Structures are given as C-alpha cells and as structure tokens.
Amino acid sequence: MAQVLETEPRIYHYLRATCGVAVHVLCLSFTVFIAALARPGSSLFSWHPFLMTLAFSFFMTEALLLFSPHSSPIQKFSHKSKARYHWILQCLCVACAGLGLAAISYNKHLNGKPHFSTWHGLVGLLAACGVVAQSAGACRCCTTGW
C-alpha cells in the first residue's frame, strides 16, 4: 500500500508569504512614520521615540522573523548564520533602547522633571530591562554552550 502524503493547499503557502511580507513592510513603515513625526535631532527628546521605535519595532521584529520558515529574508542561510544575524540585530536593539532611555532620562534631568513617574515610564523601563536581561541570558547561553 502506498503512503499518501498530505500537502496543504497552495493558498496557505501564499497567505503565509503575503503575511510575512506585510509584517516586514509594516514594521519598516511604522519606523519611518515615527522617524518623520519625531524628526530625530530636532531636540534631545526627539531621539527617544525614534530610538525606541527603531529598537522595538524594527530591530527586534526583524531579529525574530529571521527564524520564520515562511518570511525570513535569509531563508536559505544556515541556522548558524541566522543565529549570527539574530545576535547582531538584538545587539542593535539593546543599543538603541539604551540610547533612547538615556535620551529621555537626560532630557528629564535637564528639565527638572521626575523620572519614571508615569505608567509609560515604568513599563518602558521594565521593557528595556527585560531586553537587557534576555540579551545577557542569551550571551551566557551562547558562550557556555548551554
């Protein structure tokens, strides 16, 4: 008796590919939109929304999508190469998030305003600390082979 291989309909393949492209376009478009609104360099504060959007919306999203079997821009690369690019994008994410946090902290210091006194500030600080903790854990796993 011959085995019958079940294949999924082609529409699912095309829908996954279309959604993957849409995610790439949306995260890039959103980052460009926030950059246009914030106009980084126009003030010290303007760096905060730009860098945070660049970190979380662009670099982090793209780092996650590298491993997607349907929407990775480097699908044909080896897992080791994907991991290397993921690591680079995550480092860029941490750097941008740290610089965005530093920009807003220094801006508040210059203007004599309290730090982390709103929900936005507290949740943002927790998000930035979470990214740093995850990255530190990933570095530990990569260097120890765990």
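Residues numbered from 1 in each chain as written. Predicted model: local features only at pLDDT ≥ 70, side-chain atom pairs only at ≥ 80, totals over all residues. Heavy atoms only, no water.

Asks: What exactly am I supposed to notice about the overall build of the protein here?
Replies: Across its full length, the protein carries four helices and zero strands. The helix and strand sequence of the protein, counted from the amino end, reads α-α-α-α. Relative to a compact globule of 146 residues, whose C-alpha radius of gyration would be 15 Å, the protein shows 20 Å and is clearly more extended. Counting only C-alpha atoms and orienting by the principal axes, one finds that the protein spans roughly 80 × 40 × 25 Å. The buried share of the protein, reckoned over its 146 residues, is 29%. (Helix = DSSP H or I, 4+ residues; strand = E, 2+ residues; numbered from the N terminus. Rg over C-alpha atoms; globule rule 2.2 N^0.38 Å. Buried < 20%, exposed > 50% of the residue type's maximum accessible area, 1.4 Å probe, protein only.)

Asks: Help me understand the UniProt feature "transmembrane region" (unreviewed entry) in the protein, please; the structure alone is not making it clear to me.
Replies: What UniProt calls "transmembrane region" (unreviewed entry) maps, in this numbering, to residues 12-38, 44-67, 87-106 and 118-139. With 100% helix and 0% strand, residues 87-106 has its two end C-alpha atoms placed 28 Å apart. (UniProt positions renumbered as here; feature names shortened; annotations may be inferred.)

Asks: Any chance you could explain the confidence of the model for the protein here in plain terms?
Replies: Per-chain confidence: the protein averages 90 in pLDDT, with 90% of residues scoring 70 or above. Of all secondary-structure elements in the protein, the lowest mean pLDDT belongs to helix α4 (residues 119-144), at 83, while helix α2 (residues 47-65) reaches the highest, 96. (pLDDT = per-residue confidence, 0-100.)

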